[in-house]
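Spelled out from the first residue to the last, the chains are:
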Amino acid sequence: MNKLPVILTVNGREYKLTVDANERLLDTLRQQLRLTGTKEGCGIGECGACSVILDGKLVNSCMVLTAQCHGSRVETVEGLGTASKLHPLQQAFIDYNAIQCGFCTPGMLMAAKALLDKKPDPSEAEIRQGLSGVLCRCTGYKQIVDAVKAAAREDK
Amino acid sequence: MLEFNLYRPGTLQEALKLLAEFKSSARVLAGGTDLLISLGSREREDVKNIIDITSLRELDFIREEDSRLRLGPLTVHAQIADSPHIRQGAGLLAAAAAAIGSPQIRNRGTIGGNIVNAAVCADTVPPLLALGATVKLERLGESRWLPLEEFITGPNRTGLEADEMLTEIAFAKLPATAGWGFMRLARREAMAIARMNVAVILDRDSRGRVVSACIAPGAVLASPARIPAAENILLGQCPDEERIHQAGQAVAAAMTAAGRRWSTPYKEPAIIALTERAIKQALEVEWR
Ligand SMILES: Cc1cc2nc3c(=O)[nH]c(=O)nc-3n(C[C@H](O)[C@H](O)[C@H](O)COP(=O)(O)OP(=O)(O)OC[C@H]3O[C@@H](n4cnc5c(N)ncnc54)[C@H](O)[C@@H]3O)c2cc1C
Ligand code: FES
Ligand code: FES
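Calculation notes
Residue numbers restart at each chain and count upward from 1, following the sequence in its written direction. To label them, take the chains in the order written and letter them from A, then take the ligands in the order written and number them from 1. With the structure being a predicted model, the display of local features is reserved for residues of pLDDT at least 70 and the display and counting of side-chain atom pairs for 80 or more, all residues being used for whole-chain, interface and lining totals. The basis for the side-chain values is all heavy atoms of the structure; hydrogens and waters are excluded. By definition in these notes, contact holds between two residues if any of their heavy atoms fall within 4.5 Å. The term buried area means the drop in 1.4 Å probe accessible area that two parts suffer when joined, counted for both and summed. Salt bridges, as used here, are contacts in which a Lys or Arg side-chain nitrogen is within 4 Å of a carboxyl oxygen on Asp or Glu. A 3.5 Å cut-off defines polar contacts: any pair of N or O atoms within that distance qualifies, except that in protein one atom must be a possible hydrogen donor and the other a possible acceptor, and neighbouring residues in sequence count only when both atoms are side-chain atoms. In this description a helix means any DSSP run of H or I spanning at least four residues, a strand means any run of E spanning at least two, and both kinds are numbered starting from the N terminus. Here the term charged refers only to Asp, Glu, Lys and Arg, the term nonpolar to Ala, Val, Leu, Ile, Met, Phe, Trp, Tyr, Cys and Pro, and the term polar to all other amino acids, Gly among them. Paired strands, as defined in this entry, are two strands with at least two bridges between them according to DSSP. In this analysis, axes come from line fits to C-alpha atoms, helices being fitted only over the stretch in contact, and the angle between any two N-to-C directions falls in the range 0 to 180 degrees. Any residue with a non-hydrogen atom lying within 4 Å of a molecule or strand is treated as near it. The Shrake-Rupley method, run with a 1.4 Å probe sphere, supplies the accessible areas, and residue values consider only the shown protein chains as cover. Here the angle decides the label: under 35 degrees means roughly parallel, over 145 means roughly antiparallel, 65 to 115 means roughly perpendicular, and every other value means oblique. A clockwise turn of the near helix away from the far one marks a right-handed crossing, whereas an anticlockwise turn of less than a right angle marks a left-handed crossing. Buried residues of nine kinds, namely Ala, Val, Leu, Ile, Met, Phe, Trp, Tyr and Cys, make up a nonpolar core once their side-chain atoms join them within 4.5 Å. Buried means the residue's accessible area, taken with a 1.4 Å probe over protein chains only, is under 20% of the maximum for its type, while exposed means over 50%, and partly exposed covers the values in between. Side-chain rings of Phe, Tyr and Trp (the six-membered ring for Trp) are treated as a pair once their centres are within 6.5 Å; stacked means planes under 30 degrees apart, edge-to-face means over 60, and tilted covers the remaining angles. Counted as over-ring charges are cases with an Arg CZ or a Lys NZ within 6 Å of the ring centre that also lie within 35 degrees of the ring normal.

A.B. asks: Tell me about the interface of chain A and chain B, and name the residues and values.
C.D. replies: Across the boundary between the two partners, chain A contributes 31 residues, which contact 27 residues of chain B. Buried area between chain A and chain B, summed over both chains or domains, comes out near 2300 Å², and the portion from carbon and sulfur atoms is 56%. Seen at the junction of chain A and chain B, the total is 0 salt bridges. Our count for the chain A to chain B interface comes out at 11 residue pairs in polar contact (both at pLDDT 80 or more). Those elements that place two or more of their residues in the side of chain A that touches chain B are β1 (3-10), β3 (51-54), β4 (57-60) and α4 (124-131) of chain A. Considering each element in turn, the side of chain A that touches chain B owes the most residues, 4 residues, to β4(A). Grouping the amino acids of the side of chain A that touches chain B by side-chain chemistry returns 15 nonpolar, 12 polar and 4 charged.

Structure (structure tokens):
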């Protein structure tokens, strides 16, 4: 198996990496860069826990090889806000009790961010559609949808 | 995940050269939403070399020329669903692409991968069959065009040779008078791969009589195909409930003629209902 050089910009910071041919973006983020906010649930594209924004598009990082991302920009949940200055979406998730166990939360936040980046004022149907690739086993989704609505209002 | 060597060719020519060299030990990697799963589950031990084509911009295009639409195989489902050219000239393909997986899958999964993977219920395939799509296959120094129904030869099987790539998909735009329908049945709304789907295109004359009909179901026959027996029931008619139902039954009959399985009692009424709905969706378009 070969190794390949990859230049990757993650949350605005550039990394020069060497990766195994079969290394997934999810593994690189979690193991090489120690950005463990991004979670692995199913590993086969079905749960969305691993969602990140790659060159402006929401993708499952378990289904992308890092070597395919040479020259790309990646946004993960770590780039959203800081503990002292939360992103409006993060604050809204807290305010609306949109987090229970928290496992889906990083994926939900990135899905919501990708949606609001494209559509700052989404309808409820558009929010549900935008979040439909992330599964939550705890909340029943309502609080999450409400939180995204609130964050969208906030942003204006 | 399976261990392999990964190559990142900068041009289509380079990719074809690599394929010519590696032949059946190589696979092309597009969006990876099918391939990476099969490499992850190690069901493809024979694969030693992966050729990443995601950066070949020359394979990522939607073009309208004369009255034809031409798509590059790297076009992702989200682009197809949003493209004004496709929504206007091949609405059923846009509808099928919009129904696939989740936003994440639509942002990554390509039309070329959907076709070459050739799952029995690949959502873009019935619309493309109904549109009469042809596909361009290229190997180093050579290319050929095939009708899509000849290209797909069975479940997960195509006529693609080991050193070939799919490089274009083309079809004629629908006439303004044509109506279309696309229906799918999945276990849940998002992220569920369709169990069955059907695409319908109907063109009618000024008196509402069907002058051309395409009915193409997926997951009904071993390889997707139009069902002429169902189309003939509508041809020359102003279809009423009874005719529409008969057309649905003809699709179900084609399915049962190909063999009964444990799932047949469930699939039979379902495909009849899906076909009826797709026909009605196609007929709702007002004749202009
Ligand atoms: C969670 C989930 C949900 C899904 N939902 C749906 C759904 O609702 N409907 C549906 O139809 N599919 C669905 N899929 C399947 C998949 O996303 C689609 O089939 C997608 O279009 C595959 O494209 P890709 O670019 O990811 O293909 P890849 O995985 O990159 O490739 C698939 C196959 O095609 C070959 N290939 C790709 N491009 C070329 C080319 N240009 N020339 C030659 N060979 C090529 C590859 O070698 C491989 O064998 C789903 C998958 C997942 C994981
Ligand atoms: S871990 Fe990637 S989609 Fe579940
Ligand atoms: S909060 Fe537990 S999975 Fe969503």
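A.B. asks: Which residues make up the sheet that holds strand β2 (residues 13-20) of chain A, and what are the values?
C.D. replies: Residue and element names in this part refer to chain A. With respect to topology, 5 strands assemble into an open sheet ordered β2-β1-β5-β3-β4, the strand pairing being mixed. The sheet is open, and its two borders are formed by β2 and β4, each paired with just one other strand. Neighbour to neighbour, the strand axes of the sheet diverge by 40° on average, direction disregarded. Where β3 lies against strand β5 (residues 72-75), 2 bridges are found, and the strand directions are antiparallel. By the bridge assignment, isoleucine 53 is partnered in β5 with glutamate 75. Where helix α3 (residues 105-118) meets the sheet, it contacts β3, β4 and β5, and its direction lies at approximately 35° from that of β3.

A.B. asks: So what's going on with the side chain of A:Asn60? Which residues, and what values?
C.D. replies: Position of A:Asn60 relative to the elements: it lies in strand β4. Once residues lying within four places of it in the same chain are set aside, the contact partners of A:Asn60 are A:Gly45, A:Gly48, A:Cys50, A:Ser51, B:Gln104 and B:Ile105.

A.B. asks: Please provide a residue-by-residue account of the sheet that holds strand β7 (residues 142-147) of chain B, values included.
C.D. replies: Sheet strands pair by backbone hydrogen bonding; their relative direction is either parallel or antiparallel. All names here are of chain B. Spatial ordering of the open sheet is given by β4-β5-β10-β6-β7, a layout of 5 strands whose pairing is antiparallel. One side of each edge strand has no neighbouring strand; the edge strands of this open sheet are β4 (62-65) and β7. Here the average twist between neighbouring strands, direction ignored, is 20°. As paired elements, strand β6 (residues 134-139) and β7 share 6 bridges and run antiparallel to each other. Within β7, the residue paired with leucine 137 across the bridge is arginine 144.

A.B. asks: Could you give me a rundown of the site of ligand 1, with the residues and numbers involved?
C.D. replies: Around ligand 1, the surrounding shell holds 33 residues, and the nearest of these are B:Val28, B:Thr33, B:Asp34, B:Leu35 and B:Thr110. The environment of ligand 1 is shared, with nearby residues belonging to chains A and B. Here an oxygen atom of ligand 1 sits 3.0 Å away from a polar atom, N or O, in the main chain of B:Gly101. Considered on its own, ligand 1 offers 990 Å² of accessible surface; in the complex 96% of this is hidden by protein. Those elements that place two or more of their residues in the shell around ligand 1 are β2 (26-29), α2 (35-40), α7 (111-117) and β10 (165-172) of chain B. Of the residues forming the shell around ligand 1, the biggest block, 4 residues, is contributed by α7(B).

A.B. asks: Pulling in residues and values, what's your account of the pattern of salt bridges?
C.D. replies: A full pass over the atoms with the stated rule returns 25 salt bridges over all chains. Of the charged contacts, one joins B:Glu231 and B:Arg226 as a salt bridge, the two residues approaching to 2.9 Å between their closest N and O atoms. Between B:Glu241 and B:Lys280 there is a salt bridge, with its nearest N and O atoms 3.2 Å apart. Placement of B:Glu241 in helix α11 (residues 241-257) and of B:Lys280 in helix α12 (residues 264-283) is noted, with a sequence separation of 39 residues between them. Here the residues in one salt-bridge network are A:Glu124, A:Arg128, A:Lys142, A:Asp146 and A:Lys149, joined through shared partners.

A.B. asks: Any chance you could break down the packing of α11(B) against α12(B) for me, citing the residues and the numbers?
C.D. replies: Describing two packed helices takes the angle between their axes plus the distance from one axis to the other. All names here are of chain B. Their axes nearest at 8 Å, the elements α11 and α12 cross at an angle of 140°. Looking at the two axes, α11 sits oblique to α12. Both α11 and α12 take part in a crossing whose hand is right-handed. Contacts between α11 and α12 involve Glu241, Ile244, His245, Ala247, Gly248, Gln249, Val251, Ala252, Met255 and Thr256 from the former and Thr264, Lys267, Glu268, Ile271, Ile272, Thr275, Glu276, Ile279, Lys280 and Leu283 from the latter. Of the residues in the contact of α11 with α12, the class split is 9 nonpolar, 6 polar and 5 charged.

A.B. asks: Give me the lowdown on the nonpolar core, citing residues and values where you can.
C.D. replies: All names here are of chain B. Leu93, Leu128, Leu148, Ile169 and Phe171 are the most contacted members of the largest nonpolar core, which has 37 residues in total. Ranked by residue count, the leading element in this core is helix α5 (residues 91-99), at 5 residues. Dropping the residues within four chain positions of it, leucine 128 is found in contact with Leu93, Ile111, Ile115, Ala133, Leu148, Ile169 and Phe171.

A.B. asks: For the pairing of β10(B), give the residues involved together with the corresponding values.
C.D. replies: All names here are of chain B. Burial of β10 is extensive: 7 of the 8 residues sit out of reach of the surface. Pairing geometry for strand β5 (residues 68-71) and β10, over 4 bridges, is antiparallel. Within the sheet, the bridge partner assigned to arginine 68 lies in β10 and is alanine 172. In terms of strand pairing, β6 meets β10 through 5 bridges, oriented antiparallel. What sits directly across from glutamate 138, in β10, is methionine 165.

A.B. asks: Can you lay out the packing of aromatic side chains for me, pointing to particular residues and giving the numbers?
C.D. replies: Aromatic rings considered in pairs are described by the distance between their centres and by the relative angle of their planes. Summed over the entire model, instances satisfying the criterion amount to 1 aromatic pair over all chains. Sitting over the ring of B:Phe61, B:Arg63 keeps its end group 3.9 Å from the ring centre.

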